[in-house]
Amino acid sequence: QVQLVESGGDLAQAGGSLRLSCAASGSIFALNLMGWYRQAPGKEREVVGVITNGGRTNYADSVKGRFTISRDNAKKMVYLQMNSLKPEDTAVYYCYANIRTSLVTMGDDYWGQGTQVTVSS
């Protein structure tokens, strides 16, 4: 069984910074793509950014230059550093990972429970 647990969500002021963390645990053979999604009230879930197991990143245009994703494969962690926060960044942020649980599986998608980020103007 695999679990993703986020932490770090909080209330921040516009222009401020927050750092989200996500820990993967359980029966993990290999971590593939990892990343972050978010869902604002009344909107669909959208990708914030992703990172490959080799460290290549890709970001949504709305966060480029402000957000940075990193990962520590040894610790089975992925991080989201958010700078220059804007009120429109307010959302529930979800950790995502594609995980192989054995040598013979290709990988399945897993999600964390979400952590609330609120940015005040």
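The structure contained in this document is the topic of the report that follows. Not measured: the values here are computed from a predicted model.

**Overview of the overall build of the protein chain**
Looking only at helices and strands, the protein chain features 0 helices and 11 strands. In the protein chain, the succession of α and β elements from N to C terminus is β-β-β-β-β-β-β-β-β-β-β. Computed over the C-alpha atoms, the radius of gyration of the protein chain is 14 Å, within 12% of the 14 Å expected from 2.2 N^0.38 for a compact globule of 121 residues. Counting every position in the protein chain, which comprises 121 residues, the buried fraction comes to 40%. Long-range contacts, defined here as pairs at least 24 residues apart, represent 56% of the contacts in the protein chain between residues at least 6 apart. For the protein chain, the computed accessible surface area is about 6500 Å², with 47% contributed by carbon and sulfur atoms. Of the side-chain charges in the protein chain, 12 are positive and 10 negative, and the distance between the mean point of each set is 6 Å.

**Quick notes on the nonpolar core**
Core analysis: the biggest nonpolar cluster contains 30 residues, and Trp36, Phe67, Val78, Leu80, Met82 and Tyr93 have the highest contact counts within it. In terms of residues, this core owes the most to one element, strand β9 (residues 91-100), which gives 5 residues.

**Comments concerning the environment of Gly107**
With respect to the helices and strands, the residue Gly107 is situated in the loop between β9 and β10 (108-111). Owing to a relative accessible area of 24%, Gly107 belongs among the partly exposed residues under this scheme. Those residues in contact with Gly107 that lie beyond four places of it in its chain are Asn32, Asn98, Ile99 and Arg100.

**Considerations on a nonpolar patch on the surface**
Together, Phe29, Leu103 and Val104 line one region of the surface with nonpolar side chains, adding up to about 360 Å² of accessible area. When you line up the elements, Phe29 lands in the loop between β3 (18-26) and β4 (30-39). Owing to a relative accessible area of 45%, Phe29 belongs among the partly exposed residues under this scheme.

**Observations regarding the state of the cysteines**
Under the defined criterion, the tally for this structure stands at 1 disulfide. Disulfide pairing is shown between Cys22 and Cys95; the S-S distance is 2.0 Å. Here Cys22 and Cys95 share a disulfide; its torsion about the S-S bond, -80°, makes the bridge left-handed. On the criterion of sequence distance, the pair formed by Cys22 in strand β3 and Cys95 in strand β9 is long-range, its members being 73 residues apart. Residue class for Cys22 comes out buried when judged on its relative accessible area of 1%.

**Observations regarding the side chain of Asp89**
Tracing the backbone shows Asp89 in the loop between β8 (77-82) and β9. Given a relative accessible area of 0%, Asp89 falls into the buried group. Those residues in contact with Asp89 that sit more than four places away from it in its chain are Arg38, Arg66, Phe67, Ser84, Val117 and Val119.

**Quick word on the pattern of salt bridges**
Summed over the entire model, instances satisfying the criterion amount to 4 salt bridges. Residues Lys64 and Asp61 are paired through a salt bridge, measuring 3.1 Å at the closest nitrogen-oxygen approach. Judged by its relative accessible area of 47%, Lys64 falls in the partly exposed class. Since its relative accessible area comes to 65%, Asp61 is described here as exposed. In this structure, Arg66 and Asp89 form a salt bridge, with 2.8 Å as the shortest nitrogen-oxygen distance. Highlighted residues: Arg66 in the loop between β6 (57-59) and β7 (67-72) and Asp89 in the loop between β8 and β9, separated in sequence by 23 residues. In the salt-bridge network here, residues are joined through shared partners; they are Arg38, Glu46, Arg66 and Asp89.

Criteria and cut-off values
- Residues numbered from 1 in each chain as written.
- Predicted model: local features only at pLDDT ≥ 70, side-chain atom pairs only at ≥ 80, totals over all residues.
- Heavy atoms only, no water.
- Helix = DSSP H or I, 4+ residues; strand = E, 2+ residues; numbered from the N terminus.
- Rg over C-alpha atoms; globule rule 2.2 N^0.38 Å.
- Buried < 20%, exposed > 50% of the residue type's maximum accessible area, 1.4 Å probe, protein only.
- Contact = heavy atoms within 4.5 Å.
- Areas by Shrake-Rupley, 256 points an atom, 1.4 Å probe, with all protein chains shown as cover.
- Lys, Arg positive; Asp, Glu negative; His and termini not counted.
- Charge placed at Lys NZ, Arg CZ, Asp CG, Glu CD.
- Core = buried A, V, L, I, M, F, W, Y, C linked by side-chain atoms within 4.5 Å.
- Patch = residues over 30% accessible without salt bridge, like charges linked within 9 Å, V, L, I, M, F, W, Y side chains within 5 Å.
- Salt bridge = Lys/Arg side-chain N within 4 Å of Asp/Glu carboxyl O.
- Disulfide = S-S within 2.5 Å.

Nothing here speaks to function; it is geometry throughout.
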